[in-house]
Amino acid sequence: MRNIFSKKNLKSSVLSFSKKNVGKDLAERIYTSRLIGSNSELVLHGGGNTSVKSKIKDEDGKLVDVIYIKGSGSDLDSIDQSGFPAVKLRPLIELVKMDHISDEEMMRYLKNNLINHKSPNPSVETLVHAIINEKFIDHTHSTAILKITDRPNGIKICKELFGKNFLIIPYVMPGFLLAKKIYEIYQSSMKLHGMILHKHGIFTFGDNAEESFKRMIKAVTTAENYLKNQKVYKIKKIKKTNNRFDPLLIAPLIKSHLCKNENYILNFRCNQDLLDAINSEDIKKFLSKGVVTPDHVIRTKPFPLILNFDKCKNLDVLKKKIMQEIMKYKYNYIKYFKKYNNPKKSFQMLDPIPQIILIQNIGMFSVGRNLNEALVNGDVSEQSIKTIISIEEQSKFESISRKDIFDVEYWSLEQAKLNKIKKPLSGNVVIITGGAGTIGASTAKKFRENGAEVVLIDKDKKKLKNIAENKLYDFYSCDVSNRSDFKKVIDDITATYGGINIVISNAGSAYQSPIADISDSEIKKSFEINFFSHQIVASECVKLMKEQNLGGCLLFNISKQSVNPGKHFGAYGTSKAALLALCKQYALEYGKYGIRSNGVNADRIKSGLLTDKLIDERARARGISIEHYMNSNLLGKQVLPEDVADAFFHLSISKKTTASILTVDGGNIEASLR
Ligand code: ZN
């Protein structure tokens, strides 16, 4: 492993942090923590932790010994001073001397000893860092180290390779028990470079950041060199076949069985290395042994679902197989839960669905409550599968016991790592056409705040990019009146998210002219965007929703013009009247599939469609002032894009409402329905 430490970069990093009032110790700590975080062979997504011991002035101005330790919710690659809570050091040493406390009590104790009570929670491995005397400590789940510890003679090899300077510790569950174990063995007179934790990872120590980091790189390099010199046996692979079934066809079928209790994102990935690994003949045997390091279990579940569709002759056989295999997985997970559940602790079983689905000759699906979680689960899984195969090529992969895996999976401190706050639309995928407009942007914000994954679609690429700059939304530049272009977008969304739950068909354009004078091409253009594009979007999405078999929600941005025409607005009003009929037609024909179809009749919203110029013209057409035009409704209040977004949101969560039109116009008796 290349050592990318640079004295020059360390110096300039310390200097730039000093300008933000960050002391030298913590600044050095941040510098090498980021080096560790940037290397996926050392840590992945929130894995690993680092610390530094220092002194700090407390509320009374007295200098106290503290440990800055990585807090929960930070990734080492982007960590800064806010990710390192300072904890009083002395009380931590006292705590380890106790015979036994629960991990929950340990966490409460850590929080009580924070210098700043608003800091994030200190790492669950804080006590281990506290009892080691050295100033800087680095802890990683290095894949090279795991490739050695996770095999039958792992401890023996580690002793031979590292025994002189490293403590080799048999597996103990992280938390108080591990700290206690290390406290019993460790003596500061040992002059150690670090510790290897069997089937877990590696710690290195040093007087300064550079020393600890260099010892990490050196130990990992020693492990890599050992692995390089071992004999490699060829693992038997299954026969390669051309995909009979496209992953895009498979995704909605899997989703239909996965999302019975809750909505999830289903992300697909495939690359040659991954495919080679999952095409191993004995892949089921290898992966059912467990995880490569304990905290992976919250990402991968104790075992993945492994499928092979090579013998499925047609779509019906495939559908049946997917249903049976997911049912079998759930059954096995429930069995595992019942076997290891501790009745005294009354754990609540997690949704018994697979989090990783591997399909030989096709690729991998990873599941999450949002896209980020699905991607992280996929990254962790992809790396651990490759690690396991590489061990099997030299020896035999060995994990911790199923019971130990269960204890970590249902450990409250691990579960706390997954942000469990559920929002009303968590796991839902929403597409918004006309997404770059004012109403599109307000609606995107509303749905995102409520937990949905939002995909914006618009012709205007530049405007889309501006809105999506904050990276909260995915976006596609596409003309929704072109069916084949829209289909390509749907395919891409299906591969990334697994499907679509809510469609906000919002694209529109206004045309003004007396109805008898308007050109044929103008009125056709109006129908193209205000009616036909909605039909293209709705029809393609309904096809996908039917495959998903989870219902769905169509929301059309209609207009009050559909029921209350305005002068010289005929091209717009007639196409919107047709759109209202379309909305009802979808409700009528697809209600039996649980697909709801509703619309919003909004009026006088200042937007890209109703520009200042148009407002001026419409006000003139009615012989009233601009202000009067914008406020002339029963409530006497201007209607805003946010009001339309609220209406879309309420319709999306009104599970028993279909064929309904919600008016958002501040009150207008002429435009009120029925
Ligand atoms: Zn760890």
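Refer to the structure presented above.
Everything numeric here is computed off the predicted structure, so don't read it as measured data.

Parameters at a glance
Residues numbered from 1 in each chain as written. Predicted model: local features only at pLDDT ≥ 70, side-chain atom pairs only at ≥ 80, totals over all residues. Heavy atoms only, no water. Donors = N, O, S within 2.8 Å, 3.2 Å for Na, K, Ca; no water. Helix = DSSP H or I, 4+ residues; strand = E, 2+ residues; numbered from the N terminus. Buried < 20%, exposed > 50% of the residue type's maximum accessible area, 1.4 Å probe, protein only. Arc of directions from axis to C-beta. Contact = heavy atoms within 4.5 Å. Axes fitted to C-alpha atoms, helices over the stretch in contact; angles between N-to-C directions. Parallel < 35°, antiparallel > 145°, perpendicular 65-115°, else oblique. Left-handed = near helix turned anticlockwise from the far one by under 90°. Nonpolar A, V, L, I, M, F, W, Y, C, P; charged D, E, K, R; others polar. Pairing = 2+ DSSP bridges.

A. Structural view of the coordination of the zinc ion. Only His 139 (NE2), His 141 (NE2) and His 200 (NE2) from the protein coordinate the zinc ion, and they sit 2.1 to 2.3 Å from it. Donor residues binding the zinc ion come from one chain and are separated in sequence as H-x1-H-x58-H. Of this pair, His 141 sits in the loop between β4 (136-140) and α6 (143-149) while His 200 sits in the loop between β6 (194-197) and β7 (201-206), placing them 59 residues apart in sequence. Taken individually, His 141 and His 200 each receive the classification buried, so the pair is uniform in this respect.

B. Summary view of helix α16 (residues 402-409). Among all positions in α16, only Ile 405, Phe 406, Val 408 and Glu 409 are buried. Down the axis of α16, the buried set is contained in an arc of 165°. They therefore lie on one face. Among the structural elements, α13 (297-300), α14 (315-340) and α17 (412-415) are those in contact with the buried residues of α16.

C. Structural context of the packing of helix α21 (residues 520-548) against helix α22 (residues 570-590). Contact pair α21 / α22: the axes reach a minimum separation of 8 Å and the direction vectors enclose 15°. Judged on the interaxial angle alone, α22 and α21 are roughly parallel. Where α21 crosses over α22, the two elements pack in a sense that is right-handed. Across the interface between the two elements, Ile 523, Ser 526, Phe 527, Asn 530, Phe 531, His 534, Gln 535, Ala 538, Ser 539, Val 542 and Lys 546 from α21 touch Ala 571, Tyr 572, Thr 574, Ser 575, Lys 576, Ala 578, Leu 579, Leu 582, Tyr 586 and Tyr 590 from α22. Considering only residue class, the contact of α21 with α22 consists of twelve nonpolar, seven polar and two charged.

D. The arrangement of unusual backbone geometry in detail. Even without being glycine, Arg 604 reaches a positive phi, approximately 55°. Positionally, Arg 604 belongs in the loop between β17 (595-602) and α23 (612-622). With a relative accessible area of 10%, Arg 604 lands in the buried category. The backbone of Ala 659 shows a phi angle near 60°, a positive value even though the residue is not glycine.

E. Focus on the pairing of strand β8 (residues 265-269). With respect to burial, β8 is a largely interior element, five of its five residues being buried. Neither face of β8 is left uncovered, since the one carrying Ile 265, Asn 267 and Arg 269 and the one carrying Leu 266 and Phe 268 both have all their residues buried. Of the strand pairs in this sheet, β8 and strand β11 (residues 363-368) are connected by five bridges, and their pairing is antiparallel. Bridging from a neighbouring strand, Ile 265 pairs with Gly 368 of β11.

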